[in-house]
Amino acid sequence: MNGDQVKKGYEKAKDQYASLGVDVTQAIERLDKLSISIHCWQADDVSGFENPNGELTGGIQATGNYPGKARTIEELKADLEKVISLIPGKHRISLHATYGDFGGKFVDRDKIEPKHFQSWIDWAKEKGVKLDFNSTFFSHNKANSGYTLSDFDPEIRRFWKEHLRRCREIAAEIGRQQGDPCIHNIWIPDGEKDKTVSRYEHRRLLQESLDEVLTEKISTDYLKDTIECKLFGIGSESYVVGSHEFYMGYAVKNNMLLTLDAGHFHPTETISDKLSSILLFVPEVTLHVSRPERWDSDHVVILNDELMAIAQEIVRSGHMDRVHVGLDYFDASINRIGAYVVGIRSAQKAMLQALLEPTNKLREFEKEDKRFERLAYLEELKAMPWNTLYNYYCLQQDAPVGDAYIKEIQEYEKQITSKRV
Ligand code: RNT
Ligand code: ZN
């Protein structure tokens, strides 16, 4: 598709949307403001750079051995730069604590410092992206019992509290240097495979540990802590300490951010319907947009009904500025750059469709009890030329239009990732 074709398509689509009372220019402008927090861990299957053969543990697993995973910080940065070049808009990169620049030395989790992330901060500044952060409570021998912050052993808890403290410091330093708050996501894997008797006790310990560290106040100009629940993981099928009720209660009580991961609930339970409730009770929400498939919570994001519903709920709530959209998936069985780009572009497409909705018109139908008309319009909207407008947005931003990104990824694979052996 050449530029002229895209522009022609744009003019036609603009008129079609105008007849529904939708201003496409405004919708594209709003889409452009959506900074997606891109997870760094799709590039290397959540391995990180703490030690050369770190094993992924803690209820999550990356399956597949597609060649070309990033093995060094340089390779990871190169991959992320490629990804960024293939999507329109300005985005964020979300780092895990195990992705520090440790200079070839082993630095344990209770010893990490802002200096280990300085090269990331400099890189981000140079590339014009902002950073987010995640503490790493998994893939570590001090998590072998299945517990970290909620372990019975006070020494284990001390270790992980120190990790959390240091992660907050690092994230705050990132926020300070980038002049924009760094979102610090806290997900802890604590839980058990089978019938657990001391559920209350572990949850009480988790609360106590979090309280101890999170009450050390750091300005939200620099740092925003957010907590992520999960229903179950591999090896924690029966009990996860940080459940939805636990963190929902904790976030509301402490007026802090809550993370909703699309793959962390019962198989038929969705996060889209939670947004309009949670936005009433917590200041801001972080999303880990992902795709559950049976027991796995981390498949590549695609443009499915739930992704659409999430985007619609963000837009319809009128609180887009209070919802931070982050991604969380890792597929090691396909081209990893391709996995990134497909997921990010799909998230943007969902958001654009939601922004192109004539919501006021639909609300009018609701008020007049015209539910057939509402349903009919919702169906008609699906076939409107929103993709033409996405192409136009890509053209404006110098990002590949339509399927052009596929060739670029194939070329990058040929030149770069296939040579990583
Ligand atoms: C795990 C959580 C968590 C992780 C990342 C790597 O189930 O979703 O967010 O995926 O921190
Ligand atoms: Zn997550």
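See the structure printed just above.
Reading the values: rules and limits
- Residues numbered from 1 in each chain as written.
- Chains lettered and ligands numbered in written order.
- Predicted model: local features only at pLDDT ≥ 70, side-chain atom pairs only at ≥ 80, totals over all residues.
- Heavy atoms only, no water.
- Near = heavy atom within 4 Å.
- Polar contact = N/O pair within 3.5 Å; in protein donor to acceptor, adjacent residues only side chain to side chain.
- Areas by Shrake-Rupley, 256 points an atom, 1.4 Å probe, with all protein chains shown as cover.
- Nonpolar A, V, L, I, M, F, W, Y, C, P; charged D, E, K, R; others polar.
- Core = buried A, V, L, I, M, F, W, Y, C linked by side-chain atoms within 4.5 Å.
- Buried < 20%, exposed > 50% of the residue type's maximum accessible area, 1.4 Å probe, protein only.
- Helix = DSSP H or I, 4+ residues; strand = E, 2+ residues; numbered from the N terminus.
- Contact = heavy atoms within 4.5 Å.
- Donors = N, O, S within 2.8 Å, 3.2 Å for Na, K, Ca; no water.
- Tetrahedral: all angles 85-135°; square planar, octahedral: opposite > 155°, others 65-115°.
- Salt bridge = Lys/Arg side-chain N within 4 Å of Asp/Glu carboxyl O.
- Pairing = 2+ DSSP bridges.
- Right-handed = clockwise from strand over helix to strand, strands pointing away.
- Axes fitted to C-alpha atoms, helices over the stretch in contact; angles between N-to-C directions.
- Parallel < 35°, antiparallel > 145°, perpendicular 65-115°, else oblique.
- Left-handed = near helix turned anticlockwise from the far one by under 90°.
- Phe/Tyr/Trp six-rings, centres within 6.5 Å; stacked < 30°, edge-to-face > 60°.
- Lys NZ or Arg CZ within 6 Å of the ring centre and 35° of its normal.

Student: Is there a simple way to explain the site of ligand 1 in this structure?
Tutor: As a structural note, the neighbourhood of ligand 1 is formed by Trp41, Ile60, His96, Phe138, Trp187, Glu228, Lys230, Asp261, His264, His288, Asp328 and Phe330. One of the side-chain nitrogen or oxygen atoms of His96 is found 2.7 Å away from an oxygen atom of ligand 1. In this structure, an oxygen atom belonging to ligand 1 sits 2.7 Å away from a side-chain N or O atom of Lys230. When isolated, ligand 1 has an accessible area of 310 Å², and the protein chains bury 100% of it. Across the shell around ligand 1, the residue classes tally to five nonpolar, three polar and four charged.

Student: Can you walk me through the nonpolar core in this structure?
Tutor: Side chains that are nonpolar tend, in soluble globular proteins, to be buried together. Counting 127 residues, the largest nonpolar core has Trp120, Phe133 and Leu287 as its most contacted members. With 11 residues, the single largest contributor to this core is helix H10 (residues 336-355). Filtering out sequence-adjacent residues up to four positions away, Leu287 remains in contact with Leu260, Ile271, Leu275, Ile310, Ile314, Val323, His324, Val325, Gly326 and Leu327.

Student: Is there a simple way to explain the side chain of Gln178 in this structure?
Tutor: Inspection of the secondary structure puts Gln178 in helix H5 (residues 154-178). For Gln178, the contacting residues outside a window of four places in its chain are Arg92, Lys130 and Leu131.

Student: I tried to follow the coordination of the zinc ion (ligand 2) on my own but got confused; where do I start?
Tutor: Within the protein, the atoms that donate to the zinc ion (ligand 2) are Glu228 (OE), Asp261 (OD), His288 (ND1) and Asp328 (OD), at distances of 2.1 Å. Metal-centred angles of 70 to 167° between the six donor atoms at the zinc ion (ligand 2) mark the site as octahedral. What makes Asp261 buried here is its relative accessible area of 0%.

Student: Is there a simple way to explain the environment of Tyr405 in this structure?
Tutor: Tracing the sequence through the fold places Tyr405 in helix H14 (residues 404-415). Among the residues examined, Tyr405 registers a relative accessible area of 15% and is labelled buried. Tyr405 sits 266 residues away from Ser139 along the chain, and the two C-alpha atoms are 34 Å apart. Among residues more than four places away in sequence, those in contact with Tyr405 are Leu86, Val341, Val342, Arg345 and Pro400.

Student: Just checking my understanding: could you explain the pattern of salt bridges for this structure?
Tutor: Between side chains of opposite charge, a pair can form when the charged atoms approach closely. Under the criterion given, the structure shown has 32 salt bridges. Residues Asp132 and Arg92 are paired through a salt bridge, measuring 2.9 Å at the closest nitrogen-oxygen approach. Linking Asp132 in strand S3 (residues 130-134) with Arg92 in strand S2 (residues 92-96), this pair joins segments that are 40 residues apart in sequence. When sorted by exposure, Asp132 lands in the same class as Arg92, which is buried. The partner of Arg316 in a salt bridge is Glu357, with the nearest N and O atoms 2.6 Å apart. Of the two residues, Arg316 sits in helix H9 (residues 305-317) while Glu357 sits in the loop between H10 and helix H11 (359-367), which places them 41 residues apart along the sequence. Overall, the relative accessible area of 26% leaves Arg316 in the partly exposed class.

Student: What am I meant to see in the pairing of S3 here?
Tutor: Note on strand geometry: in a regular strand, side chains alternate between the two faces of the sheet. For S3, the buried fraction is high: four of the five residues fall into the buried class. Here S2 pairs with S3 via five bridges, running parallel. Counterpart to Ser94 in the pairing with S3 is Asp132. The β-α-β motif built from S2, the intervening helix H4 (residues 118-127) and the parallel element S3 has right-handed crossover chirality. As defined by bridge partners, S3 adjoins strand S4 (residues 182-186) across two bridges and the pair is classed as parallel.

Student: Sorry if this is basic, but what is going on with the packing of H10 against H14 here?
Tutor: Helix packing geometry: the angle between the two helix axes and the distance between the axes. Between H10 and H14, the shortest axis-to-axis distance is 10 Å and the interhelical angle comes to 160°. Judged by the angle between their axes, H10 and H14 are roughly antiparallel. In terms of crossing hand, the pair formed by H10 and H14 is right-handed. The residues of H14 that touch H10, namely those facing Ile337, Gly338, Val341, Val342 and Arg345, are Tyr405, Ile409 and Tyr412. Of the residues contributing to the contact of H10 with H14, the split by class is six nonpolar, one polar and one charged.

Student: Looking at this structure, how should I read the environment of Gly175?
Tutor: With respect to the helices and strands, the residue Gly175 is situated in helix H5. For Gly175, a relative accessible area of 0% corresponds to the buried category. Taking the C-alpha atoms as reference points, Gly175 and Lys224, separated by 49 residues in sequence, lie 9.1 Å from one another.

Student: Would you mind showing me how to read the environment of Glu192 here?
Tutor: Locating Glu192 in the fold gives a position in strand S5 (residues 191-192). Each C-alpha atom, one on Glu192 and one on Glu237, is 6.7 Å from the other, the two residues being 45 residues apart in sequence. Here Glu192 is in contact with Tyr147, His202, Gly235, Ser236, Glu237, Ser238 and Tyr239, once residues within four sequence places are set aside.

Student: What is the right way to read the packing of helix H2 (residues 24-32) against helix H13 (residues 386-396) from this model?
Tutor: Where H2 meets H13, the axes come as close as 11 Å, and the angle between the chain directions of the two elements is 60°. By the angle between their directions, the pair H2 and H13 is classed as oblique. Crossing geometry of H2 relative to H13 is assigned as right-handed. Across from Val24, Ile28, Leu31 and Asp32 in H2, the residues of H13 making contact are Leu389, Tyr390, Tyr392, Tyr393 and Gln396.

Student: Is there a simple way to think about the packing of aromatic side chains in this case?
Tutor: Note on aromatic pairs: each is described by the distance of the centres and the angle between the planes. For the structure on display, the rule yields 12 aromatic pairs. When the ring of Tyr10 is compared with that of Tyr392, the centres are 3.7 Å apart and the planes differ by 15°; the resulting orientation is stacked. Taken as a pair, Tyr10 in helix H1 (residues 3-18) and Tyr392 in helix H13 lie far apart in primary sequence, 382 residues in all. Each member of the pair, Tyr10 together with Tyr392, is buried. Above the ring of Trp120, the side-chain terminus of Lys77 is found at 5.1 Å from the ring centroid. Lying across the ring of Tyr222, Arg176 places its NZ or CZ 4.7 Å from the centre.

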